[in-house]
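The residues making up each chain are set out below.
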Amino acid sequence: MRSKTRAIDRLRAIRRREKTFVAPGEESVARSSEAPGENPGVAAETRGLVRSALDGLPEAQRRVVELAFFEGLTHSEIASCLGEPLGTVKTRARLGLERLKNILGRA
């Protein structure tokens, strides 16, 4: 069991190092990373909707969601990074994702 956990941690660390975040305003860079055949206008609109939805979250929830999805951090890593209890981070992640689902479901 321990070796499986270590392997997962190692994969996450590698992905984090390789992963780069493209801010919604950097369209020329974002376009180069789009899937072939994807409509650039639709992709830009989707990025705008997600950014707007994230901006609608309370600051604490937004930070947890961004660290998890854009930085690839685990709940434990986020708790350590923010100096918050693990349970608090998990609650903020759950509430943030629920709120995003509601916001984006209406869009």
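A.B. asks: Explain the overall build of the protein chain to me, and be specific about the residues and the numbers.
C.D. replies: Scanning the protein chain from terminus to terminus reveals six helices and zero strands. Along the protein chain, helices and strands appear, N-terminal first, in the series α-α-α-α-α-α. Every one of the 107 residues in the protein chain was classed for burial, and the buried ones make up 20%. Element-wise, carbon and sulfur atoms account for 54% of the exposed surface of the protein chain, whose accessible area totals about 7,600 Å².

A.B. asks: Which residues make up the pattern of salt bridges, and what values do they have?
C.D. replies: Tallied over the entire structure, the rule returns six salt bridges. For glutamate 59, the salt bridge goes to arginine 62, with nearest N and O atoms at 2.4 Å. Pair noted here: glutamate 59 and arginine 62 are both in helix H4 (residues 59-69), with a separation of three residues, about one helical turn. We classify glutamate 59 as partly exposed; its relative accessible area is 47%. Arginine 62 sits in the buried class, given a relative accessible area of 17%. Arginine 62 is the partner of glutamate 66 in a salt bridge, and the nearest nitrogen-oxygen pair spans 2.7 Å. Of this pair, glutamate 66 and arginine 62 both sit in helix H4, four residues apart, roughly one helical turn.

A.B. asks: Please set out the packing of H4 against helix H6 (residues 86-106) residue by residue, giving values where relevant.
C.D. replies: Relative orientation of the contacting elements H4 and H6 amounts to 90°, with a least axis distance of 8 Å. When the axis of H4 is compared with that of H6, the two are roughly perpendicular. For the pair H4 and H6, contact is made by Ala60, Gln61, Val64, Val65 and Phe69 and by Val89, Arg92, Ala93, Leu95, Gly96, Leu97, Arg99 and Leu100, respectively. Among the residues making up the contact of H4 with H6, the classes are represented as nine nonpolar, two polar and two charged.

Definitions and cut-offs
- Residues numbered from 1 in each chain as written.
- Predicted model: local features only at pLDDT ≥ 70, side-chain atom pairs only at ≥ 80, totals over all residues.
- Heavy atoms only, no water.
- Helix = DSSP H or I, 4+ residues; strand = E, 2+ residues; numbered from the N terminus.
- Buried < 20%, exposed > 50% of the residue type's maximum accessible area, 1.4 Å probe, protein only.
- Areas by Shrake-Rupley, 256 points an atom, 1.4 Å probe, with all protein chains shown as cover.
- Salt bridge = Lys/Arg side-chain N within 4 Å of Asp/Glu carboxyl O.
- Axes fitted to C-alpha atoms, helices over the stretch in contact; angles between N-to-C directions.
- Parallel < 35°, antiparallel > 145°, perpendicular 65-115°, else oblique.
- Contact = heavy atoms within 4.5 Å.
- Nonpolar A, V, L, I, M, F, W, Y, C, P; charged D, E, K, R; others polar.

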